[in-house]
Amino acid sequence: MTLRLSASNIGKTYNSDQILRDCSFSFSEQGIYVLTGANGCGKSTFLRICALIEEPDSGEINYFSDKSMVQKNLELRRRITLVLPKVGVFHTTVFKNVDYGLRIRGIRGTEANERVEKALEFVELGHKRNQNARTLSSGETQRLGIARALVIKPEILFLDEPTASVDQKNTRIIEDIILNMKQDSMATVVITTHDRQQAARLADHLLVLKDGKILSG
Amino acid sequence: MFLAESFKTAFSLIIGLNAELLGIILLSLKVSGSALIIATLIGLPLASLLGFKRFRLKGMIISILHTFMGLPPVVVGLLVYLLLSRSGPLGFLALLYSPSAMIIAQSILAFPIVAALSHSAIVGVNPVITQASLTLGATPYQVSMTIIREARYGIMSGIIAAFGRVMAEVGAILIVGGNIAGFTRVMTTTIALETDKGNFELALALGIILLTISLVINSAVHIVQQKGATGAGR
């Protein structure tokens, strides 16, 4: 049974500016959930809260497997992952960047190599495996971020504005990667984007964040 | 003419490299190398503590470390001398005028450099690295180790800079080592002594070797910094 998310009445205030208010969202089926809204409306904040990277001021984030709630601990954090708009590339090769998530889980050797190679091929970066990751272009860096997430086989993958700073060619490649993930039932994907056309191209479930609340979904 | 003659003799001394000269060079490297290891073993954990933990007096400790980066070697020599002298609190160890005393003095000189520069390197790591580690499921310990790994070039620069500082210093080791031939005589103290005696050839020979070591150290720092500068960190 896949992991399900339930966000209830999430509130978040920055510098007396209430970004999120009673924001609720839940899903029970796999697919691509696209959260759209104007720039600065709180999409990224909501995603970081859902991915347990940031604490809400009010409300609750819960994860369920079958009918039981999963404790918010390291084990849960390792079943979900978030790719940030600034990927945070480690100062090493592309291969070792992707291998990171496996190494910290104690997965090494042949299994790790095979998984890294597969993830790199999936994002079309196999030919750059030995390159210093900091020399990649913006689009390639985003794809590296996705490969780094995919290699750990998350049940839920959060992608925060994955194509915000990349060119058209890389936008198309990244969208294809996301659609292929859906086809292969690799993970439930939750994406934020301010591009409505992209939202329409990708979404199984479209959500709009406005005035601190999720209006549809 | 005199200068040219002195240089000529100095070079022939280097090429000939007699046992005494070799002994002086090796002792210099042994003393400074040991001091660097001790300074790193204490300085790096302290830098990590200052980089990752929040606690009272943290700002004051950082300020003290930065101030102590410029500690005058003679002052350190004097303090270590007072500690290790027969009537001092550590006099019972009988370490004065020994290589151990010189290592202690140089460790004190190197430690603030290693700690302060390592701390700067650690806090200089882009915060997105921390977030990336967390999103990939790292534990707090794994996040810390990742940040230290990302700061490795800055940390290495700090360690190499500290080595350069202790290799070149003379004040502290002269006071606590006593410049005893074949026992505590190192390159810098020999240069000082031989210049006093008017024996410029040996002093020049050691000066050239010291400068070469310094050049190698600075080149290493440059290479390390160049490697660390690859990419701005997306």
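This section reports on the structure supplied with the text. None of these values were measured; they are calculated from a predicted model.

Reading the values: the criteria
- Residue numbers restart at each chain and count upward from 1, following the sequence in its written direction.
- Here the convention is simple: chains get letters from A, ligands get numbers from 1, in the order in which they are written.
- Local features are withheld for residues below a pLDDT of 70 in this predicted model, meaning they are given only at 70 or higher, and side-chain atom pairs are given and counted only at 80 or more; totals for whole chains, interfaces and linings count all residues.
- By convention the nonpolar core is taken to be a set of buried residues drawn from Ala, Val, Leu, Ile, Met, Phe, Trp, Tyr and Cys and joined through C-beta atoms within 7 Å.
- Exposure criterion: with C-beta atoms placed from backbone coordinates, a residue whose C-beta has 20 or more other C-beta atoms within 10 Å is buried, one with 12 or fewer is exposed, and one in between is partly exposed.
- Counting from the N terminus, the helices are DSSP H or I runs at least four residues long and the strands are E runs at least two residues long.
- Throughout, a pair of residues is in contact if the C-beta atoms placed from their backbones lie within 7 Å.
- Given the number of residues in a helix, its expected span is that number minus one, multiplied by 1.5 Å.
- Every crossover in which the path from the first strand over the helix to the second runs clockwise, viewed with the strands pointing away from the viewer, is termed right-handed.

Soluble, globular proteins show a tendency: their nonpolar side chains are buried together. Counting 121 residues, the largest nonpolar core has A147 of chain A together with A105, A110 and V176 of chain B as the members making the most contacts within it. By residue number, the principal contributor to this core is helix α5 (residues 99-123) of chain B, which donates 16 residues. Residues within four places of A147 of chain A in sequence aside, it is in contact with V98, A119, L120, F122, V123 and L125 of chain A.

Take helix α1 (residues 2-16) of chain B next. Residues separated by three or four positions in an α-helix point in the same direction, a consequence of the helix having 3.6 residues per turn. Residue and element names in this part refer to chain B. In this model, α1 (15 residues) spans 21 Å end to end at C-alpha, consistent with the 21 Å of a helix rising 1.5 Å per residue. By the criterion of burial, α1 is predominantly exposed, with just 1 of the 15 residues buried. In the stretch just after α1, L17 is the one whose phi turns positive, near 35 degrees.

This paragraph deals with the pairing of strand β8 (residues 188-193) of chain A. All names here are of chain A. In terms of burial, β8 is largely enclosed, as 6 of its 6 residues are buried. Residues of β8 alternate between two faces, with T188, V190 and T192 on one and V189, I191 and T193 on the opposite face, all of them buried. The parallel pair strand β7 (residues 156-160) and β8, bridged by helix α6 (residues 168-183), forms a crossover whose chirality is right-handed.

Taken together, the contact pairs 17 residues of chain B with 24 residues of chain A. Among the elements of the structure, α6 (127-135) and α7 (140-150) of chain B are those that each provide at least two residues to the side of chain B that touches chain A. With 6 residues, the single largest contributor to the side of chain B that touches chain A is α6 of chain B.

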